[in-house]
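Each chain, written out:
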Amino acid sequence: MNTPLFSDSYREARARFLVAASNCGASVHTQVLPMSGTQGEVLAMDVAVQGPPDAAQVLMTTSAVHGIEGFCGSAIQTGLLQHLTLPPGVAVVHVHAVNPHGFSHARRVNEDNVDLNRNFIDFSQPLPVNADYAEVHPLLLPEHWPPSAAQQAALDTLTQAWGERRMQRAITSGQYQFPDGVWFGGLAPTWSHRTFRQVLQDHLGQAREIAWIDLHTGLGPHGYGERIFACTDTGASLQRARQWWGSDITSVDTGTSQSVPLSGPIQMAIYEECPQAQYTGICLEFGTLPLAQMILAMRADHWLALHPEAAGALQERIRSDMLQAFNPPSGDWQAQVWQQGLQAARQALQGLAESA
């Protein structure tokens, strides 16, 4: 690889992405979040369009729906701008840094403590109620960090009673009653939510067939890219996904995925903004640490946001643990995820070309 793909900051990642877009002749469209990043940098959702803007067949990639996961997603998108060969009549729309604030601050949530992948619900309806989360909330975010032995024992006892899958679902599927809590879905559409919908209208409104690869990290075996089916239709869409990406496609609904069913995932927007298109998509989820360690890192990060007065050494350890959980500083891991990202994009382009 002539140019390193992985960056040490959002600012660096954005600069690399924009250079790669310019070098391949992609058009770039930018929406700026009206606040600054950790280095005083501009925060933006950048869209790079390769190929004809009126293409009927479009591959879309998205990075940093969960901000800190953008280190991996941005690297893959930057590499795709350098290495993809597009079939005639097919376009690629790279949506870089859906959550630029979280990317800059190396946090998974956005500027409002919202998990964007729980924010795409119908807010005109009563908010979903996650009763199990309400029960564990005090144990997840105690007054002091790390949790006491008694607090950990209480959480372990409840996990044994519920089972690990129910506990995972309680904590991670999304909750709307605790704005300071983990996996909070928000009380209204966020800036990223509204802006992403506009991106779909502006750049995919003409599409007749859409493939979407949503890039994530944090779940599953280290370095393995799980291809999680990300459509509501389990008929023709699932069949196409398996033809394009392989028979090992997993599903949250059948329990074959490392993930659990979510309330308000970002994929809901494409059905509402692009009803004219046939849509087939996956979340490409790259594993890092065991689930319990990932959740512990997330809890600590949320605790730190509530306790900025924490000692410097503790702050550094919490931030380091977050990077290990979502952006492991390993050359082998980076090489693995890049190769899998490139393969998935090429498979999607082949599938779109054959459909055309």
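Calculation rules
Residues numbered from 1 in each chain as written. Predicted model: local features only at pLDDT ≥ 70, side-chain atom pairs only at ≥ 80, totals over all residues. Heavy atoms only, no water. Helix = DSSP H or I, 4+ residues; strand = E, 2+ residues; numbered from the N terminus. Rg over C-alpha atoms; globule rule 2.2 N^0.38 Å. Buried < 20%, exposed > 50% of the residue type's maximum accessible area, 1.4 Å probe, protein only. Contact = heavy atoms within 4.5 Å. Areas by Shrake-Rupley, 256 points an atom, 1.4 Å probe, with all protein chains shown as cover. Lys, Arg positive; Asp, Glu negative; His and termini not counted. Charge placed at Lys NZ, Arg CZ, Asp CG, Glu CD. Core = buried A, V, L, I, M, F, W, Y, C linked by side-chain atoms within 4.5 Å. Salt bridge = Lys/Arg side-chain N within 4 Å of Asp/Glu carboxyl O. Axes fitted to C-alpha atoms, helices over the stretch in contact; angles between N-to-C directions. Parallel < 35°, antiparallel > 145°, perpendicular 65-115°, else oblique. Left-handed = near helix turned anticlockwise from the far one by under 90°. Nonpolar A, V, L, I, M, F, W, Y, C, P; charged D, E, K, R; others polar. Expected span 1.5 Å × (residues − 1). Arc of directions from axis to C-beta. Phe/Tyr/Trp six-rings, centres within 6.5 Å; stacked < 30°, edge-to-face > 60°.

**Q** Explanation requested: the overall build of the protein in the structure shown.
**A** Secondary structure assignment for the protein yields 12 helices and seven strands. Here the C-alpha atoms of the protein give a radius of gyration of 20 Å, agreeing with the 21 Å that 2.2 N^0.38 yields for 356 residues. For the protein, the spread of C-alpha atoms along the three principal axes comes to 60 × 45 × 40 Å. Taking all 356 residues of the protein together, 57% fall into the buried category. Restricting to contacts in the protein with at least 6 residues of sequence separation, those with at least 24 account for 82%. Per element, the accessible surface of the protein, about 14,300 Å² overall, is 51% carbon and sulfur. Side chains of the protein carry 19 positive and 32 negative charges; the gap between the two charge centres is 2 Å.

**Q** Please explain the nonpolar core as it appears in this structure.
**A** Considering soluble globular proteins, one finds that nonpolar side chains tend to be buried as a cluster. With 102 residues, the main nonpolar core has Leu59, Val95, Val136, Phe196, Ile213 and Trp245 as its most contacted residues. Of all the elements, helix α12 (residues 331-355) adds the most residues to this core, at nine residues. The contact partners of phenylalanine 196, leaving out residues within four places of it in the chain, are Met45, Met60, Thr62, Val95, Phe120, Trp212, Ile266 and Ala269. The next biggest cluster of nonpolar side chains, apart from the first, holds six residues, and it includes Phe17, Ala20, Ala48 and Leu81.

**Q** Looking at this model, I keep getting lost on the pattern of salt bridges. Mind explaining?
**A** Where side chains of opposite charge bring their charged atoms close, a pairing between them can arise. Applying the stated criterion to the full structure yields nine salt bridges. The partner of arginine 108 in a salt bridge is aspartate 115, with the nearest N and O atoms 2.7 Å apart. Look at aspartate 115 and you get buried, because its relative accessible area is 0%. Measuring nitrogen to oxygen at the nearest pair gives 2.8 Å for the salt bridge that ties glutamate 273 to arginine 197. Linking glutamate 273 in helix α9 (residues 268-273) with arginine 197 in helix α7 (residues 191-204), this pair joins segments that are 76 residues apart in sequence.

**Q** I keep staring at the packing of helix α1 (residues 10-23) against helix α2 (residues 70-83) and nothing clicks. Help me out?
**A** Each pair of packed helices can be described by the angle between their axes along with the distance between the axes. Look at α1 against α2: their axes get within 9 Å of each other, and the N-to-C directions meet at 15°. Taken together, the axes of α1 and α2 lie roughly parallel to each other. With respect to the hand of their crossing, α1 and α2 are arranged in left-handed fashion. Across from Tyr10, Ala13, Arg16, Phe17, Ala20 and Ala21 in α1, the residues of α2 making contact are Phe71, Ser74, Gln77, Thr78, Leu81 and Gln82. Partitioning the contact of α1 with α2 into residue classes produces seven nonpolar, four polar and one charged.

**Q** What is the right way to read helix α5 (residues 149-162) from this model?
**A** Note: α-helices contain 3.6 residues per turn, so residues at a spacing of three or four share the same orientation. Taking 1.5 Å as the rise per residue, α5 with 14 residues should run 20 Å; its terminal C-alpha atoms sit 20 Å apart, in good agreement. All of the buried residues along α5 are Leu155, Leu158 and Trp162. Relative to the axis of α5, the buried residues are bounded by an arc of 60° and lie together on one face. Residues of α5 that are exposed and point more than 90 degrees away from the buried face comprise Ala149, Ala150, Thr157, Gln160 and Ala161. At the C-terminal side of α5, glycine 163 shows a positive phi close to 95°.

**Q** I'm lost on the packing of aromatic side chains in this one. Help?
**A** Inspection of every chain in the model, using the stated rule, returns 10 aromatic pairs. Taken together, a centroid distance of 5.0 Å and an interplanar angle of 75° make the contact between phenylalanine 71 and phenylalanine 103 edge-to-face. On the criterion of sequence distance, the pair formed by phenylalanine 71 in helix α2 and phenylalanine 103 in helix α3 (residues 100-104) is long-range, its members being 32 residues apart. Comparing phenylalanine 71 with phenylalanine 103, the two get one shared label, buried. Centre to centre, the rings of tryptophan 145 and tryptophan 303 are 6.4 Å apart; their planes meet at 35°, and the pair counts as tilted. Here the residue tryptophan 145 occupies a position in the loop between α4 (131-140) and α5, and tryptophan 303 occupies one in helix α10 (residues 291-306), the gap between them amounting to 158 residues.

**Q** Would you take a moment to explain unusual backbone geometry for this structure?
**A** Most peptide bonds take the trans form, and the phi angle of most residues other than glycine is negative. Cis geometry marks the peptide bond from tryptophan 145 to proline 146; its omega dihedral reads 0°. Tracing the backbone shows proline 146 in the loop between α4 and α5. Positioned with a positive phi, alanine 64 is a non-glycine residue whose angle comes to about 60°. Structurally, alanine 64 can be placed in the loop between β3 (57-62) and α2. In this structure, alanine 97 takes a positive phi of about 65° despite not being glycine. Since its relative accessible area comes to 0%, alanine 97 is described here as buried.

**Q** How do you make sense of α10 when you look at a structure like this?
**A** Spanning 16 residues, α10 covers 23 Å between terminal C-alpha atoms, matching the ideal 22 Å at 1.5 Å per step. Within the sequence span of α10, burial applies to Met294, Ile295, Ala297, Met298, Arg299, Ala300, Asp301, His302, Trp303 and Leu304. In this structure, the buried side of α10 is in contact with α4, α5, α6 (164-172), β5 (209-222) and α11 (312-326).

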